[in-house]
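The lines below spell out each chain.
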Amino acid sequence: MDWLEDWELRFPGLVKLVTLAPENEGAMEAIRWLADHGIVAACGHTDASYEIMQDATDHGLTHAVHTYNAMRPLHHREPGTVGAVLSDDRICAELIADGFHVHPGAIRLLVASKPADKLILVSDAMSAAGMPDGLYDLGGLPVIVKEGVARLKEGNLAGSSLTMINAFRFMLENTSLSVTEVSRTASGNAARQLGLYETTGSIAVGKRADLVLAEQAFHHVSKTWVNGKLVFQQN
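Conventions adopted
- Residues numbered from 1 in each chain as written.
- Predicted model: local features only at pLDDT ≥ 70, side-chain atom pairs only at ≥ 80, totals over all residues.
- Heavy atoms only, no water.
- Helix = DSSP H or I, 4+ residues; strand = E, 2+ residues; numbered from the N terminus.
- Rg over C-alpha atoms; globule rule 2.2 N^0.38 Å.
- Buried < 20%, exposed > 50% of the residue type's maximum accessible area, 1.4 Å probe, protein only.
- Areas by Shrake-Rupley, 256 points an atom, 1.4 Å probe, with all protein chains shown as cover.
- Contact = heavy atoms within 4.5 Å.
- Salt bridge = Lys/Arg side-chain N within 4 Å of Asp/Glu carboxyl O.

Draft legend 1. The arrangement of the overall build of the protein chain in detail. For the protein chain, the count of helices and strands is 8 helices and 11 strands. In summary, the protein chain has a C-alpha radius of gyration of 18 Å against a globular reference of 18 Å for 235 residues, a match within 12%. Along the first, second and third principal axes, the C-alpha set of the protein chain runs to 55 × 45 × 40 Å. Each of the 235 residues in the protein chain was classed as buried or not, and the buried ones make up 40%. Surface summary for the protein chain: the accessible area is close to 12,700 Å², and the carbon and sulfur share equals 54%.

What follows is the structure, encoded as structure tokens:
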């Protein structure tokens, strides 16, 4: 709490989201403080039970980091963290849509469970994003990328090499969501969650022109604009 209060005092509004494990001592106090200060309280890398998650959500938790991954799984007699995320509409769920982190069937379950504005695509990408197979580094740990999957030498998944356009296309190919609906999961929903929707996250008069032009059935990004400035172009 001292760390959070110091950062908010010195840099008001800078911290947008904090990830924590709700089962840890002091978590409920921290969640309440974050919510009171307009900072998104997120669960992640957690072994929280369904009951603890309910308590955390009542205290102001509204977000789940890379749903299904690094959290207590769903069991029909103990719904766990995943069960709470799936069943509570107050929680916005992130998703790594690469087919490796989450099975397409589990992705479709998440899509069916969450309201349209409560699903957010994330890449969880590390330095191998968009790069060929090979050896990479993640926080000082060697990561081997083989057939596009990033793993530690022990075999554990280590972030991803996913790009957002590939996640976008994966969702189109493996769910019933439309282009418009998937677009919201990759832009507007995240902007709303972070309190940025008044300036970005959709194409509208008065908003920043943060745009991507994708062609060839979303296999190719040809242009990218940030705040109206062309920052990337590929023929």
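On we go from here.
Draft legend 2. Here's a closer look at helix H4 (residues 80-87). Counting buried residues in H4 gives 7 out of 8 residues, a clear majority hidden from the surface. If you check which residues of H4 are buried, you get Gly80, Thr81, Val82, Gly83, Ala84, Val85 and Leu86. Contact partners of the buried residues in H4: strand E2 (40-43), helix H3 (50-59), strand E3 (63-64), strand E4 (92-96) and helix H5 (104-113).

Draft legend 3. Local environment of the pattern of salt bridges. Under the counting rule described, the total for this entry stands at 7 salt bridges. Across the pair Arg72 and Glu78 runs a salt bridge whose closest N-O atoms are separated by 2.8 Å. Here Arg90 makes a salt bridge to Asp88, at a shortest N to O gap of 2.8 Å. A relative accessible area of 39% means that Arg90 is categorised as partly exposed. Using a relative accessible area of 15% as the deciding quantity, one classes Asp88 as buried. One network of salt bridges, in which partners are shared, links Asp47, Arg72 and Glu78.

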